[in-house]
Amino acid sequence: MAISLKTAGTWARMVTDNGTVAIPGTPAAGDRMFLWGTWKTFSITVVDPSGWTRVTDFADGAIAAGNGTGSVKVACWYRDWQSGDGDPAIDYSAAPTEGHWVIQAWQKAAAEAWDAPTFVTAAVTAVDPWSATSSATITIKSGAVVFELIGLR
């Protein structure tokens, strides 16, 4: 069995502090969860949710928030599911103009092992056609899963 998506989760809007993001489905021991978020204003930070490991966060610039404008921040954390896990709370440093969050659950075979996630970042420079230049080159192992998180203004 290869690594596969177990539960996609549902994106939820969150513009208030300390709201929670629902862990989807029925995770089991060995499942890895990824917490994805995107929000603006770019200068707002999020405290790492308890027990979750930050993969990265990235802002696409430093433009003040406005209707249809303003730099966006995206971030990702992961956690291997454990019995008793509760929905993580999102602790913003200030109320965002917009904020959207989801958790995905992934599964693997018992004989397989999870690696720590690696990442690169890029600001989208065009949307039709889509274009961005990666911050670095990384090696992708055979059987790996590649994610892409984009926060659009």
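As a reminder, the structure under discussion sits directly above these lines.
Now for a look at the structure at hand. Position labels on residues start from 1 in each chain and follow its written sequence. The predicted nature of this model means local features are confined to residues of pLDDT at least 70 and side-chain atom pairs, given and counted, to a pLDDT of 80 or more, with totals for whole chains, interfaces and linings taken over all residues. Each side-chain value is worked out from all heavy atoms of the structure, with water and hydrogens disregarded.

## A short note on the environment of E148
In step 1: By definition, any uninterrupted DSSP run of H or I lasting at least four residues is a helix, any uninterrupted run of E lasting at least two residues is a strand, and each is numbered from the N terminus. Tracing the sequence through the fold places E148 in the segment after strand 11 (130–132).
In step 2: For the pair E148 and V120, spaced 28 residues apart in sequence, the C-alpha separation works out to 9.8 Å.

## Overview of the side chain of R32
In step 1: By the element assignment, R32 lies in strand 4 (residues 32–40).
In step 2: Judged by its relative accessible area of 5%, R32 is buried.
In step 3: Any pair of N or O atoms that falls within 3.5 Å is considered a polar contact. Within protein, one atom must be able to donate a hydrogen and the other to accept it, and sequence-neighbouring residues count only if both atoms are side-chain atoms. A distance of 2.8 Å separates the side chain of R32 from the backbone oxygen of D115, its partner in a polar contact.
In step 4: Contacts between residues were defined by any pair of non-hydrogen atoms, one from each residue, lying within 4.5 Å. The residues contacting R32, other than those within four sequence positions of it, are Y78, R79, D80, Q104, A105, W106, W114, D115, A116 and P117. Type-normalised accessible area, obtained with a 1.4 Å probe on protein chains alone, sets the label of each residue: buried when under 20%, exposed when over 50%, and partly exposed for intermediate values.

## Notes on the environment of T10
In step 1: Residue placement: T10 occurs in the loop between strand 1 (4–7) and strand 2 (12–13).
In step 2: Exposure remark for T10: the relative accessible area of 67% places this residue in the exposed category.
In step 3: Linking T10 and A22, residues 12 residues apart in sequence, is a C-alpha distance of 8.4 Å.
In step 4: Every residue in contact with T10, bar those within four places of it in the chain, is listed here: W101 and V102.

## Let's talk about the nonpolar core
In step 1: Nonpolar cores are built from buried Ala, Val, Leu, Ile, Met, Phe, Trp, Tyr and Cys residues. Side-chain atoms within 4.5 Å join them into one set. Grouped together as the largest cluster of nonpolar side chains are 16 residues, with contacts concentrated most on L35, W39, W77, I90, Y92 and W101.
In step 2: Listed by contribution, the elements that provide at least two residues to this core are strand 4, strand 7 (73–80), strand 8 (89–92) and strand 9 (98–107).
In step 3: A per-element tally of this core places strand 4 first, with 3 residues.
In step 4: Other than its neighbours up to four places away in sequence, Y92 contacts M14, T16, D17, W39, I44, T45, V46, G99 and W101.
In step 5: W36, C76, V102 and W114 belong to the second-largest nonpolar core, a separate cluster that totals 8 residues.

## A short note on the packing of aromatic side chains
In step 1: Aromatic contacts are taken between Phe, Tyr and Trp rings whose centres are within 6.5 Å, Trp giving its six-membered ring; a plane angle under 30 degrees counts as stacked, one over 60 as edge-to-face, and the others as tilted. The tally for this structure, following the rule as stated, stands at 9 aromatic pairs.
In step 2: When the ring of F34 is compared with that of F147, the centres are 4.9 Å apart and the planes differ by 55°; the resulting orientation is tilted. Of this pair, F34 sits in strand 4 while F147 sits in the segment after strand 11, placing them 113 residues apart in sequence.
In step 3: The buried category is assigned to F34, whose relative accessible area is 6%.
In step 4: Owing to a relative accessible area of 31%, F147 belongs among the partly exposed residues under this scheme.
In step 5: An aromatic cluster is defined as three or more aromatic residues linked by ring pairs; in this entry it consists of F34, W36, Y78, W106 and F147.

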